[in-house]
Amino acid sequence: MEYHTERLILRQWKQSDREPFAALNANPEVMRHFPKTLTREESDNMAKTIEQRMAENVWGFWAVEEKSSGAFIGFVGLNVPGYELPFSPVIEIGWRLDNAFWGKGYAPEAARKALEIGFEQYGMKEIVAFTALDNIPSQRVMEKLGMQRGEEFDHPLLDEGHPLRRHVVYRIANLK
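First, a word on what this report is: a plain description of the structure on this page. Fair warning: this is a prediction, and the values are worked out from it, not measured in the lab.

Turning our attention to unusual backbone geometry. Of note, the bond from Ser88 into Pro89 is cis; its omega dihedral lies within 30 degrees of zero at 0 degrees. Here Val58, not a glycine, exhibits a phi torsion of approximately 80 degrees, which is positive. Relative to the helices and strands, Val58 resides in the loop between helix 2 (40-57) and strand 3 (61-66).

Have a look at this one:
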């Protein structure tokens, strides 16, 4: 299944996405709000997990392709976190784009489509997003999507004292 926005295609993953995905995950600028950059093996394992979840659910983190160039630019989509959060159970929306494509409005454009799919096609009642407190660019995207800032919390996978441990959740409800 493929979904189109004005400038982007949200689609299933291809083998050819693995190399640019690994480069994105190894980029310290892209990963500055995550605990660490990923090795090629870790990146490939993440891609496999995303593909497996998409096969099970039909929805998930779609590969995002720029229509004008055909370039893989990252992922955007929906996910059930594989760990317990203070507000579980939830469906989250998330994104990770190569920094060469930042500042073009691609993250909110693709995320709006993902929200539309979640709410209209799958009848999801609420979708959340969460990020480290200092990840202001992602919080701006959440606000552009109409998401409401919620509570702060300590991310359960990060140790006490880790600079990224404190997170904030944003929420949006299906109004239909």
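From this point, the narrative continues.
This paragraph deals with the pattern of salt bridges. On inspection of all chains with the given rule, the structure shows 16 salt bridges. For the salt bridge of Arg7 with Glu109, the shortest nitrogen-to-oxygen distance reads 2.6 Å. Taken together, the residues span a long stretch of sequence, with Arg7 in the loop between strand 1 (3-4) and strand 2 (8-11) and Glu109 in helix 3 (residues 106-121) at a distance of 102 residues. We classify Arg7 as partly exposed; its relative accessible area is 28%. One salt bridge in this structure joins Glu151 and Arg171, with 3.1 Å as the shortest N-O distance. Taken together, the residues Glu151 in strand 7 (residues 148-154) and Arg171 in strand 8 (residues 166-173) connect sequence positions 20 residues apart. Counted as one network, the salt bridges with shared partners bring together Arg149, Glu152, Asp154, Glu160, Arg165 and Arg166.

Trp13, Trp62, Ile93 and Trp95 are the most contacted members of the largest nonpolar core, which totals 45 residues. Among the elements that take part in this core, helix 3 stands out by supplying eight residues, more than any other. When near neighbours in sequence (up to four residues on either side) are disregarded, Trp95 contacts Phe75, Val76, Ala107, Ala111, Ser138, Val141, Met142 and Leu145. Among the nonpolar cores identified, the runner-up in size contains seven residues, and Val128, Phe130, Phe153 and Val169 belong to it.

Space inside the second largest pocket adds up to approximately 150 Å³. Surrounding the second largest pocket, 10 residues form its lining, Leu115, Glu116, Phe119, Glu120 and Asn174 being those nearest its centre. The set of elements that each furnish at least two residues to the lining of the second largest pocket consists of helix 3 and strand 8. When residues of the lining of the second largest pocket are assigned to their parent elements, the largest contribution, five residues, is made by helix 3. For the lining of the second largest pocket, the class distribution of residues is five nonpolar, one polar and four charged.

Next up on the list: the packing of aromatic side chains. Following the criterion strictly, the structure yields 10 aromatic pairs and no others. Taken together, the ring pairs in this structure connect Trp13, Phe21, Phe61, Phe72 and Phe75 into an aromatic cluster. Its end group placed over the ring of Phe34, Arg96 keeps NZ or CZ at 4.2 Å from the ring centre.

Conventions we followed
Residues numbered from 1 in each chain as written. Predicted model: local features only at pLDDT ≥ 70, side-chain atom pairs only at ≥ 80, totals over all residues. Heavy atoms only, no water. Helix = DSSP H or I, 4+ residues; strand = E, 2+ residues; numbered from the N terminus. Salt bridge = Lys/Arg side-chain N within 4 Å of Asp/Glu carboxyl O. Buried < 20%, exposed > 50% of the residue type's maximum accessible area, 1.4 Å probe, protein only. Core = buried A, V, L, I, M, F, W, Y, C linked by side-chain atoms within 4.5 Å. Contact = heavy atoms within 4.5 Å. 1 Å grid on protein atoms, 1.4 Å probe; cavity = no way out; pocket = protein on both sides within 12 Å on 5 of 7 lines; lining within 4 Å. Points joined across faces, edges and corners; volume = space filled by probe spheres on them. Nonpolar A, V, L, I, M, F, W, Y, C, P; charged D, E, K, R; others polar. Phe/Tyr/Trp six-rings, centres within 6.5 Å; stacked < 30°, edge-to-face > 60°. Lys NZ or Arg CZ within 6 Å of the ring centre and 35° of its normal.

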